[in-house]
Number of protein chains: 2
Amino acid sequence: MTRKLHLNAFLMGVGHHEAAWRHPRTEPARLTDVRHYQELARIAERGTLDSVFLADGVALNGNVGHNALGGLEPLTLLSALAAVTDHIGLIATVSTTYNEPFHVARKFASLDHISGGRAGWNIVTSAGEAEARNFGVVRPSHADRYARATEFLDVVRKLWDSWEDDAILGDRAAGRYADTGKIHPIDHAGEHFAVSGPLNTSRPPQGHPLLVQAGSSEDGKEFAARHAEAVFTAQQTLREGQEFYADLKRRLASYGRRQEDLLVLPGISPIIGSTEREALRLEKELEELIVPAYGLAQLSTMTGIELDEDALDKPLPDVPAETEGAQSRRKLVVDLARRENLTVRQLIGRLAGGRGHRVVAGTPEQIADQLQEWFFSGAADGFNVMPPILPAGLGDFVDHVVPELRIRGLFRHEYEGRTLRENYGLARPASRYASGREAVVAR
Amino acid sequence: MTRKLHLNAFLMGVGHHEAAWRHPRTEPARLTDVRHYQELARIAERGTLDSVFLADGVALNGNVGHNALGGLEPLTLLSALAAVTDHIGLIATVSTTYNEPFHVARKFASLDHISGGRAGWNIVTSAGEAEARNFGVVRPSHADRYARATEFLDVVRKLWDSWEDDAILGDRAAGRYADTGKIHPIDHAGEHFAVSGPLNTSRPPQGHPLLVQAGSSEDGKEFAARHAEAVFTAQQTLREGQEFYADLKRRLASYGRRQEDLLVLPGISPIIGSTEREALRLEKELEELIVPAYGLAQLSTMTGIELDEDALDKPLPDVPAETEGAQSRRKLVVDLARRENLTVRQLIGRLAGGRGHRVVAGTPEQIADQLQEWFFSGAADGFNVMPPILPAGLGDFVDHVVPELRIRGLFRHEYEGRTLRENYGLARPASRYASGREAVVAR
């Protein structure tokens, strides 16, 4: 079978561009309107995209004075999207730092049942100070967050395994609903968690909902290589993309995993026009709507240095080395500023499109060229598509870029499978508690 | 306006009778099938019921060997029901003992947005030992659980208030999305929680999703009188119902609340037949499907004493006084056994229909008579309807009992309002942070 690329639609309010809410083609009042997201999921499904994805944090981050923030909690929202779609995968971000594994296992198991096997979990560790303050704790160190995440995931997987696939008998005549010998306490007792189990939701259709990860720090990459099945990453240049891709795939072997067990999906924000000129016009329109104060606040958060209006037309000041927070994103931003010799104002313009993700403006063919190049140059197994304005940008991608990718033989014409795992081409994990034949046969 | 009763459909797998899954009119495989619950919600909405409600616990309680357990997590499920309904309220049970207020505030705010103001929260404190073992803690005492619940609810309400109703400006031209002076940190610092806020989901359409409570202990009743807007309760006899009702309403004044600020909704499991004989036949069919081992296990959990098959045809042994666990349910069960002089087997039969809730078998008119009597005798503002088998029992209630209640002028013909609060006839809380005119005008 020819290698096909995988496409995820990263949904973000009324668009990924930070000024999207000011653009005449969006409706910011739809930020908390479920019909907006249902429309997006249907568009993505019309384009046979693999999945939709919702980022998340557990604090009001960014300056709501100048951007459309304060939307819906991802897991709650995805159930409502499951109800109006049949094929598309549904990936929600949930933190391991401020949650309990029992709840997370159960909610994803429920979403997996509700969607018929379309749930995915983007595992994050919550780097923000503001998030810690909503849970009455001092922000844990990077290492501590990853140690907790590792054990958290271990508990969640045990809970997903706690009902074997054939535990339910449903034998009405004999009055036997389940074979209790196939429903297992997990009796986990570790450094961070003590959880008896079993889960009180039966085994998810996918065995385990898909595991996604997005951190690009050293800890993040190790975690991804060991556990993740898809990685969303921000890479600005082809070379960086290739290095990240090779680095991550190289790490798989030491965990006994194959190259195809993990998909690398760099982010791309496609600014699409029917001509290049039209695309550049849209890009310019959005750039002109940027509120400098918002960009400054965002950049201050990303870099860890305070920036005010006086800094706008000067180069980015030196950024202190720090061991906490989103390190890899900080490096990406500083590298971009230095490499292209940007002023702070120019840097804000470059980041406004995708918060550090790559922005490509052009015709559908030009966008497809970019995707194809990365796909065939060892930089990507597919892409995390981040439309600048929503729903219009996703509609343009599905109606114009997807057909071009299909013509080139790079993308599916219809869904291969029934579950998110099947469409991503990933195996179905067997329950660790299953004995004998079932465990071997299960995929 | 004539006083009307309020009806909530308590959804429970394929029925409230513990042998429902064995009855030929149910399909136990639908336990984790979202379409089953969507059908139930649509039936309830067809009958203009106020709301649907899902109970919950965070452990696999009960013997899954003999009953259909292991279903879906309520909040996740309710979003999927919101997507296919327009009017019906959506009430989920969530524990304050093993959760964080930030998450709970946000998920209910999201469900309230998704449903257009139809969310309700049944607040429980998780009395079970097995639940504690899924969160690595020793089960807190009754008093500690209620102290935590009180502070938890305080934090959640502050978070729901943290965005004033008119905080969002959406002023594209000026680049002003929100008036940050109307989005407030809550800076809560209490015994159990330290939460900075604000919430990162804007103010719910109802201001606060509806607050529901079900505990009947002394602590539970005080909590309900102080905070709850609807109470689901288990009362076997009219007299007990009247006493509970009067007791709860009497407590309201000391918290500055009016009689109509809290609705008392006793549970009732209606076994409906087109003739009394048909109803009794269904009751008998279900009784004959009871698995004694299951009933013994349930009764052991309820009473706190170990019971085996030898106990079946003897009176219920003495039950030790205990200060922890679901005290009020234990008292109800023991009182029932003593009052009617039941053997353990007979008691199991009586409890199988509704786990201690009142079971009434009869024609639609007879069921309506019962509801009417309690409604006019100071025992109920409405009912928590617990059909023995689902969806059939709910369909029978909606198609035969509801029309009878309408004819008698006891129940609405169409929804009065758009939100759950409006249909329950409850005020919309103003944000505590709103200053001046808005706070006075808001209802």
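Computed from a predicted model, the values in this text were never measured in an experiment.

1. A look at unusual backbone geometry
So, step 1. For the bond running from Gly197(A) to Pro198(A), omega is -5 degrees, close enough to zero to count as cis.
So, step 2. In this fold, Pro198(A) is placed in the loop between strand 8 (194-195) and strand 9 (210-213).
So, step 3. Following Leu390(B), the chain continues to Pro391(B) via a peptide bond in cis, the omega torsion being 5 degrees.
So, step 4. Structurally, Pro391(B) can be placed in the loop between strand 13 (382-385) and helix 13 (392-407).
So, step 5. One non-glycine residue with positive phi stands out, namely Asp187(B), at about 45 degrees.

2. Describing the layout of surface pockets
Residues and elements named next belong to chain A.
So, step 1. Size it by volume and the second largest pocket reaches roughly 610 Å³.
So, step 2. Along the walls of the second largest pocket sit 22 residues, with Glu 229, Arg 421, Ala 427, Arg 428 and Pro 429 positioned nearest its centre.
So, step 3. Mapped onto the lining of the second largest pocket, the elements with two or more residues apiece are helix 6 (218-227) and helix 14 (420-424).

3. Some words on the packing of helix 2 (residues 74-82) of chain A against helix 3 (residues 101-114) of chain A
Residues and elements named next belong to chain A.
So, step 1. Viewed as axis vectors pointing N to C, helix 2 and helix 3 meet at an angle of 10 degrees, and their least axial separation amounts to 9 Å. In terms of orientation, helix 2 lies roughly parallel with respect to helix 3. In this structure, helix 2 uses Leu 75, Leu 78, Ser 79 and Ala 82 to contact helix 3, whose residues at the interface are Lys 107, Phe 108, Leu 111 and Ile 114.

4. Details of the relation of the copies chain A and chain B
So, step 1. At an RMSD of 0.0 Å, chain A and chain B line up after a rotation of 180 degrees and a shift of 0.0 Å along the axis. Both copies of the chain, as the preceding transformation shows, are related through a two-fold rotation axis. By C-alpha distance to the rotation axis, the residue of chain A lying nearest is Ala80(A), at 2.3 Å.
So, step 2. Residue by residue, 100% of the interface of chain A is reproduced at the interface of chain B, so both copies engage with the same surface.

5. Here we look at helix 1 (residues 34-46) of chain B
Because the α-helix completes a turn every 3.6 residues, residues three or four places apart line up on one side.
So, step 1. Its 13 residues give helix 1 of chain B an end-to-end C-alpha distance of 18 Å, which sits within 8% of 18 Å, the value for a rise of 1.5 Å per residue.
So, step 2. Those residues of helix 1 of chain B that sit buried are Val34(B), His36(B), Tyr37(B), Gln38(B), Leu40(B), Ala41(B), Ile43(B), Ala44(B) and Glu45(B).
So, step 3. The inward-facing, buried residues of helix 1 of chain B contact helix 3 of chain A together with strand 1 (6-11), strand 2 (51-54), helix 2 (74-82) and helix 13 of chain B.
So, step 4. If you check the start of helix 1 of chain B, you find a side-chain oxygen 2.9 Å away from the backbone N of Arg35(B), and it comes from Asp33(B).
So, step 5. One or two steps after helix 1 of chain B, the chain reaches Thr48(B), where phi turns positive at roughly 50 degrees.

6. A word on the interface of chain A and chain B
So, step 1. Chain A puts 71 residues into the contact, and the matching count from chain B is 71 residues.
So, step 2. Taken together, the two surfaces of chain A and chain B that pack against each other cover about 5400 Å², and 57% of this comes from carbon and sulfur.
So, step 3. Linking chain A to chain B there are 4 salt bridges.
So, step 4. A salt bridge links Lys107(A) to Glu73(B); its shortest N-O distance comes to 3.2 Å.
So, step 5. Scanning the region where chain A abuts chain B turns up 40 residue pairs in polar contact (both at pLDDT 80 or more).
So, step 6. At the level of elements, helix 1 (34-46), helix 2, helix 3, strand 5 (168-171), strand 6 (176-178) and strand 8 of chain A are the ones that each hand at least two residues to the side of chain A that touches chain B.

7. A look at the side chain of Thr26(B)
So, step 1. Along the chain, Thr26(B) turns up in the loop between strand 1 and helix 1.
So, step 2. Setting aside anything within four residues of it in sequence, one finds Thr26(B) in contact with Arg172(A), Val14(B), Ala20(B), Trp21(B), Ile389(B) and Leu390(B).

8. A closer look at the UniProt feature "binding site: FMN" (unreviewed entry) in chain A
Residues and elements named next belong to chain A.
So, step 1. Those places that UniProt annotates as "binding site: FMN" (unreviewed entry) correspond, in this numbering, to Asp 56, Thr 93, His 142, Tyr 146, Ser 216 and Ser 217.
So, step 2. Mapping Tyr 146 onto the fold places it in helix 5 (residues 142-161).
So, step 3. Not counting the four nearest positions on each side in its chain, Tyr 146 is found in contact with Thr 125, Gln 213, Gly 215, Ser 217, Asp 219, Gly 220 and Phe 223.
So, step 4. Mapped onto the elements, Ser 216 comes out in the loop between strand 9 and helix 6.
So, step 5. Take Ser 216: its relative accessible area is 17%, and that puts it in the buried class.
So, step 6. When neighbours within four sequence positions are excluded, Ser 216 is seen to be in contact with Lys 221, Thr 233, Phe 244 and Ser 328.

9. Some thoughts on a negative patch on the surface
All names here are of chain A.
So, step 1. Among the surface-exposed residues, Glu 306, Asp 308, Glu 309 and Asp 310 lie close enough to one another that they form a single negatively charged patch.
So, step 2. Mapping Glu 306 onto the fold places it in the loop between helix 9 (292-303) and helix 10 (327-339).
So, step 3. Since its relative accessible area comes to 76%, Glu 306 is described here as exposed.

10. Comments concerning the environment of Phe223(A)
So, step 1. Structurally, Phe223(A) can be placed in helix 6.
So, step 2. Taking the C-alpha atoms as reference, Phe223(A) lies 9.6 Å from Ala147(A); in sequence the two are 76 residues apart.

11. Side note on the packing of helix 1 of chain A against helix 13 (residues 392-407) of chain A
Residues and elements named next belong to chain A.
So, step 1. Contact pair helix 1 / helix 13: the axes reach a minimum separation of 9 Å and the direction vectors enclose 10 degrees. Taken together, helix 1 and helix 13 sit at an angle that is classed as roughly parallel. Of the residues in helix 13, those in contact with Leu 40, Ile 43, Ala 44 and Arg 46 of helix 1 are Leu 394, Gly 395, Val 398, Asp 399 and Arg 406.
So, step 2. Considered class by class, the residues forming the contact of helix 1 with helix 13 number 5 nonpolar, 1 polar and 3 charged.

12. With respect to helix 8 (residues 276-288) of chain A
Residue and element names in this part refer to chain A.
So, step 1. With 13 residues, helix 8 ought to run about 18 Å at 1.5 Å a step, and its terminal C-alpha atoms sit 18 Å apart, in line with that.
So, step 2. Looking at helix 8, one finds that the buried residues are Ala 279, Leu 282 and Leu 286. All buried residues of helix 8 fall inside an arc of 60 degrees around its axis, so they share one side. Seen from the buried face of helix 8, the exposed residues on the opposite side, beyond 90 degrees, are Arg 277, Lys 284 and Glu 288.
So, step 3. On its buried side, helix 8 packs onto strand 11 (263-272) and strand 12 (358-362).

13. Details of the pattern of salt bridges
So, step 1. Inspection of every chain in the model, using the stated rule, returns 70 salt bridges over all chains.
So, step 2. Two residues, Arg46(A) and Asp399(A), come together in a salt bridge whose shortest N-O distance is 2.8 Å. Of this pair, Arg46(A) sits in helix 1 while Asp399(A) is found in helix 13, placing the two residues 353 residues apart along the sequence.
So, step 3. The exposure class assigned to Arg46(A) is partly exposed, which follows from its relative accessible area of 47%.
So, step 4. Salt-bridge contacts for Arg345(B) lead to Asp313(B); the nearest nitrogen and oxygen are separated by 2.9 Å. With Arg345(B) in helix 11 (residues 344-352) and Asp313(B) in the loop between helix 9 (292-303) and helix 10 (327-339), this pair connects stretches of sequence that are 32 residues apart.

Here is what the cut-offs are and how they apply
Residues numbered from 1 in each chain as written. Chains lettered and ligands numbered in written order. Predicted model: local features only at pLDDT ≥ 70, side-chain atom pairs only at ≥ 80, totals over all residues. Heavy atoms only, no water. Helix = DSSP H or I, 4+ residues; strand = E, 2+ residues; numbered from the N terminus. 1 Å grid on protein atoms, 1.4 Å probe; cavity = no way out; pocket = protein on both sides within 12 Å on 5 of 7 lines; lining within 4 Å. Points joined across faces, edges and corners; volume = space filled by probe spheres on them. Axes fitted to C-alpha atoms, helices over the stretch in contact; angles between N-to-C directions. Parallel < 35°, antiparallel > 145°, perpendicular 65-115°, else oblique. Contact = heavy atoms within 4.5 Å. Least-squares fit on C-alpha atoms with pLDDT ≥ 70 in both. Expected span 1.5 Å × (residues − 1). Buried < 20%, exposed > 50% of the residue type's maximum accessible area, 1.4 Å probe, protein only. Polar contact = N/O pair within 3.5 Å; in protein donor to acceptor, adjacent residues only side chain to side chain. Buried area = accessible area lost by both parts, 1.4 Å probe. Salt bridge = Lys/Arg side-chain N within 4 Å of Asp/Glu carboxyl O. UniProt positions renumbered as here; feature names shortened; annotations may be inferred. Patch = residues over 30% accessible without salt bridge, like charges linked within 9 Å, V, L, I, M, F, W, Y side chains within 5 Å. Areas by Shrake-Rupley, 256 points an atom, 1.4 Å probe, with all protein chains shown as cover. Lys, Arg positive; Asp, Glu negative; His and termini not counted. Charge placed at Lys NZ, Arg CZ, Asp CG, Glu CD. Nonpolar A, V, L, I, M, F, W, Y, C, P; charged D, E, K, R; others polar. Arc of directions from axis to C-beta.

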